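# A structural walkthrough
Single-letter residue listing:
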Amino acid sequence: MLEITVANEIGFCFGVDRAVKITEEFLNKGENVYVTGDLIHNEEEMRKLEGMGLKTLRLDSEWPDLSSSVVIVRAHGIPVDQMKRLISSAKLVVNATCPVVFSVAESIKKAHDGGFEILLYGHEHHDEVTYLTSVVDGIKVFDSPDKMVYSTKKIAIFSQTTMDMNGFKEVVRKISENISELSVVMVENTICKVTYQREMEVGELARSKDVCLVVGGSKSSNTKKLFKIAKNLNERTYLILNADDLRTEWFESVKSVGICSGTSTPKRIIDEIVEKLRMF
């Protein structure tokens, strides 16, 4: 029988769970509900919510009349100017931005007001980074230590909440190597603790199990990060969205499998995967 081990940190994180529950609450009330882009980065969950009546508002396209609609701001946040426009256009705007992401935005504003040049370790076109870079002007985004640049001697470094911890450590190491050319350096570790815990767990599963499954959406930054970590440790690592993606040939002559998920993956999908694996 196949030995199945599921990570302790599984399913939605707090911020995603909060955003989904807020959205479901308004849909269940019969409201006409829009969301600004993908509420969360999981295709399966978005299809479920769309089946309940959720509509997507594309911020870069012409907007419909929102005067009788509730608009949910996605978990990753939206640019400040678009938030202001929404508030003046919709019946009600509900901000479902992850509290952790919102906290990063507040820290960035505070540092900027303190005269720091802001550097952000993250992916330039990721939804969260699009929000964070709208908070103040002049933020410099980089996705690897080698791309980090600054023009003053007073810098503050932050991270997209779903970036990898080892990469952030490399950023800090590079700064320390060049500390003599700087007068003031502030480093704030803004990587979400939940995503870091999942990094640790997926590494352990990849090392100790014959096969490692990483479950999550194709747009999910933290899911792709987990897959990369696991794949580097175990060639038999597979990225799947749901139980339909499982292939029997992956488990031929296999005794053990480890399962972890991105923070936008609902637990019900994990349960369905485990149930199907028990049939192999």
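For the structure itself, consult the block above.
The following paragraphs examine the structure supplied in this document. (Residues numbered from 1 in each chain as written. Predicted model: local features only at pLDDT ≥ 70, side-chain atom pairs only at ≥ 80, totals over all residues. Heavy atoms only, no water.)

Our focus in this paragraph is the overall build of the protein chain. The helix and strand inventory of the protein chain stands at 9 helices and 12 strands. Whereas a compact globule of 280 residues would reach a radius of gyration of roughly 19 Å, the protein chain reaches 21 Å, a difference of no more than 12%. Along the first, second and third principal axes, the C-alpha set of the protein chain runs to 60 × 55 × 25 Å. Counting all 280 residues of the protein chain, 52% fall into the buried class. Contacts in the protein chain between residues far apart in sequence, at least 24 positions, make up 70% of those at least 6 positions apart. (Helix = DSSP H or I, 4+ residues; strand = E, 2+ residues; numbered from the N terminus. Rg over C-alpha atoms; globule rule 2.2 N^0.38 Å. Buried < 20%, exposed > 50% of the residue type's maximum accessible area, 1.4 Å probe, protein only. Contact = heavy atoms within 4.5 Å.)

All right, on to the nonpolar core then. The biggest cluster of nonpolar side chains holds 28 residues, and the ones touching the most others in it are Leu213, Leu246, Phe251, Ile259, Ile273 and Leu277. For this core, the secondary structure elements donating two or more residues are helix 7 (193-208), strand 10 (211-215), helix 8 (221-233), strand 11 (237-240), strand 12 (256-261) and helix 9 (267-277). With sequence-adjacent residues up to four places away left out, Ile259 is seen in contact with Ile4, Thr5, Val6, Ala7, Ile10, Leu205, Leu213, Val215, Ile270, Ile273, Val274 and Leu277. Listed in part, the 19 residues of the second largest apolar core include Phe26, Leu54, Val70 and Ala96. (Core = buried A, V, L, I, M, F, W, Y, C linked by side-chain atoms within 4.5 Å.)

So, about the side chain of Ser69. Tracing the backbone through its elements, the reader meets Ser69 in the loop between strand 3 (55-57) and strand 4 (70-73). Given a relative accessible area of 0%, Ser69 falls into the buried group. Side-chain polar atoms of Ser69 contact the side chain of Asn32, separated by 2.7 Å. When residues no more than four places from it in sequence are discounted, the contact partners of Ser69 are Asn32, Tyr34, Ala90, Lys91 and Leu92. (Polar contact = N/O pair within 3.5 Å; in protein donor to acceptor, adjacent residues only side chain to side chain.)

A few words now on the sheet that holds strand 10. One open sheet accounts for 4 strands, arranged 1-12-10-11; its pairing is parallel. Both edges of this open sheet fall to strand 1 (3-6) and strand 11, since each of them pairs with a single strand only. Here the strands of the sheet are splayed against their neighbours by 20 degrees on average, with no regard to which way each runs. Across 4 bridges, the pairing between strand 1 and strand 12 is parallel. By the bridge assignment for strand 12, Ile4 is matched with Val257. (Pairing = 2+ DSSP bridges. Axes fitted to C-alpha atoms, helices over the stretch in contact; angles between N-to-C directions.)

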